[in-house]
Amino acid sequence: VKNFDDGTPERKYPHAVLAGIDRYPLKVTKSMSKKKVARRSRIKPFVKALNYNHIMPTRYVLKDVSLKTAVGPNALDKGKRKETRKQVKQLFEEKYKNTN
């Protein structure tokens, strides 16, 4: 989501701050109650810094601008990481519910 080509004082290597899905939502059927559907639609996100050497280029591109604003350069700070993860979770779940 966010690139640091020259590195930062904490991480002196070129890296990117990534956001992704740790645990995907489960399958939902018509016969399930609303409560069960809500529980099975939960997403567990992750936010982490990854060295460019460990990133494999793919054809997938993120066009969601709201996610880029949620994950800023200070997203991995000590107190901010949990709050950033909550924002990313909310965005992912909202996107999941709107597509289905």
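What you see is a predicted model; the values in this text were computed from it and never measured.

Q: Would you take a moment to explain the overall build of the chain for this structure?
A: A count of helical and extended segments in the chain gives 3 helices and 3 strands. Walking the chain from its N terminus toward its C terminus, one meets helices and strands in the order β-β-α-β-α-α. Based on the C-alpha atoms only, the size of the chain along its principal axes is roughly 55 × 35 × 20 Å. The buried share of the chain, reckoned over its 100 residues, is 24%. Contacts in the chain between residues at least 24 apart in sequence constitute 61% of all its contacts with a sequence separation of at least 6. Accessible surface for the chain amounts to roughly 8,000 Å². Of this, 51% is attributable to carbon and sulfur atoms.

Q: Mind showing me how you'd approach the pairing of strand 2 (residues 15-23) here?
A: Two faces make up the sheet, and in a regular strand the side chains alternate between them. Note that strand 1 (residues 2-4) and strand 2 share 3 bridges and pair antiparallel. For N3, the partnering residue across the bridge sits in strand 2 and is A16. Of the pairings in the sheet, the one linking strand 2 to strand 3 (residues 44-51) comprises 8 bridges and is antiparallel in character. The residue of strand 3 that forms the bridge with H15 is N51.

Q: Explain the packing of aromatic side chains to me, please; I cannot follow it from the model alone.
A: Describing an aromatic ring pair means giving the distance of the ring centres and the angle of the ring planes. Inspection of the entire model under this criterion finds 0 aromatic pairs. It is K48 that lies over the ring of F46; its NZ or CZ is 5.0 Å from the centre.

Q: Mind showing me how you'd approach the side chain of H15 here?
A: Relative to the assigned elements, H15 resides in strand 2. Given a relative accessible area of 2%, H15 falls into the buried group. Leaving out residues up to four positions away in the same chain, H15 has contacts with K2, N3, F4, G7, T8, A49, L50, N51 and Y52.

Q: How do you make sense of the pattern of salt bridges when you look at a structure like this?
A: If charged atoms from side chains of opposite charge come close, those side chains can pair. Scanning the entire structure with this criterion turns up 1 salt bridge. For K89, the salt bridge is made with E93, and the minimal N-O distance between the two is 4.0 Å. Taken as a pair, K89 and E93 lie in helix 3 (residues 80-99) at a separation of 4 residues, close to a single helical turn. Overall, the relative accessible area of 31% leaves K89 in the partly exposed class. The exposure class of E93 is buried, given its relative accessible area of 15%.

Q: Quick question: what am I supposed to make of the nonpolar core here?
A: Generally speaking, a soluble globular protein has its nonpolar side chains buried in company with each other. Counting 13 residues, the largest nonpolar core has V17, V47, L67, V71, L76, V88 and F92 as the members making the most contacts within it. When contributions to this core are tallied by element, the ones reaching two or more residues are strand 3, helix 2 (65-70) and helix 3. Other than its neighbours up to four places away in sequence, V88 contacts A19, P45, V47, L67 and V71.

About the criteria used
Residues numbered from 1 in each chain as written. Predicted model: local features only at pLDDT ≥ 70, side-chain atom pairs only at ≥ 80, totals over all residues. Heavy atoms only, no water. Helix = DSSP H or I, 4+ residues; strand = E, 2+ residues; numbered from the N terminus. Buried < 20%, exposed > 50% of the residue type's maximum accessible area, 1.4 Å probe, protein only. Contact = heavy atoms within 4.5 Å. Areas by Shrake-Rupley, 256 points an atom, 1.4 Å probe, with all protein chains shown as cover. Pairing = 2+ DSSP bridges. Phe/Tyr/Trp six-rings, centres within 6.5 Å; stacked < 30°, edge-to-face > 60°. Lys NZ or Arg CZ within 6 Å of the ring centre and 35° of its normal. Salt bridge = Lys/Arg side-chain N within 4 Å of Asp/Glu carboxyl O. Core = buried A, V, L, I, M, F, W, Y, C linked by side-chain atoms within 4.5 Å.

Take it as geometry only, folks, not as evidence of what the structure does.
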